Every structure is written in structure tokens, then in C-alpha cells.
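Each chain, letter by letter, is given below.
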Amino acid sequence: QVQLVESGGGLVQPGGSLRLSCAASGSIFSVHAMAWYRQAPGKQRELVAAITSGGSTNYADSVKGRFTISRDNAKNTVYLQMSSLKPEDTAVYYCNADIRSNWYERSDYWGQGTQVTVSS
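Residues numbered from 1 in each chain as written. Predicted model: local features only at pLDDT ≥ 70, side-chain atom pairs only at ≥ 80, totals over all residues. Heavy atoms only, no water.

**Student:** Any details on the pattern of salt bridges? Residues and values, ideally.
**Tutor:** Scanning all chains against the criterion turns up five salt bridges. A salt bridge links Arg 66 to Asp 89, with the nearest nitrogen and oxygen atoms 2.7 Å apart. Of this pair, Arg 66 sits in the loop between strand E6 (57–59) and strand E7 (67–72) while Asp 89 sits in the loop between strand E8 (77–82) and strand E9 (91–102), placing them 23 residues apart in sequence. A relative accessible area of 1% places Asp 89 in the buried class. A salt bridge links Asp 98 to Arg 106, with the nearest nitrogen and oxygen atoms 2.7 Å apart. With a relative accessible area of 18%, Asp 98 lands in the buried category. What makes Arg 106 partly exposed here is its relative accessible area of 43%. Each member of the salt-bridge network shares a partner with another, and the members are Arg 38, Glu 46, Arg 66 and Asp 89. (Salt bridge = Lys/Arg side-chain N within 4 Å of Asp/Glu carboxyl O. Helix = DSSP H or I, 4+ residues; strand = E, 2+ residues; numbered from the N terminus. Buried < 20%, exposed > 50% of the residue type's maximum accessible area, 1.4 Å probe, protein only.)

Given below as C-alpha cells:
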């Protein structure tokens, strides 16, 4: 079984910064793409940023230049450094990972979500 555990959410003032972490653990053979999504109240879940195992990244237009996704392959961990936060960044942030557990099993996994609130 594979688990994704997120941490780092919280309340921050506009213009502030937060760093989210997501660690994958359990039966892991290899971790492929990892990503962060978010879902605000009344809205659909949206992709925030993604990173391949080789380090290629892509971002939603709304966060380009403000957020940075990175990963530590040795720790099976992905990070999201968020800067210049805006109230519209308020959402539950979810970690996602494409993980191979063994030669015949590869699945998409989600974390439990961590709340980020940007408010003065």
C-alpha cells in the first residue's frame, strides 16, 4: 500500500509565503510524475504545478512566477514553495503521484489535502 502525507499548510497574510511538502511511503518501486492540485470552495479541482521524475516542470498560468515545485527523489518527496500569496490562492491543496509498486502495478495516488488560507 502507498500513502501520500502532506504538510505545511496554514494561514498566511497576503504577500506571504508557505512551503508544502508531500512524502510518499509504502510499497514503492518507482515514483514518476508528481503534482500539486488545489480545490477552492465551490470550484473544481485544478492543477497547480507538476514535475516529472527528470525534473521538468509546468505550472498553471495563475501561479507562474510565484510558485515553485521541486522534488527529492531519494526521499520520494515533492515540495511546493508558494510566494506572493493572494487571497485567491486559498484552497485545499492536494498532492498527486504516479507510482509503480512493482512490475505489474502502477497507480495514481492522492494525499489527504492540506488547507491553505490567505487572509489578513
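**Student:** Provide a residue-level description of the side chain of Thr 114, including the pertinent values.
**Tutor:** For Thr 114, the location among the structural elements is in strand E11 (residues 114–118). Setting aside residues up to four positions removed in sequence, Thr 114 forms contacts with Glu 6, Gly 9, Leu 20, Ala 91, Val 92 and Tyr 93. (Contact = heavy atoms within 4.5 Å.)

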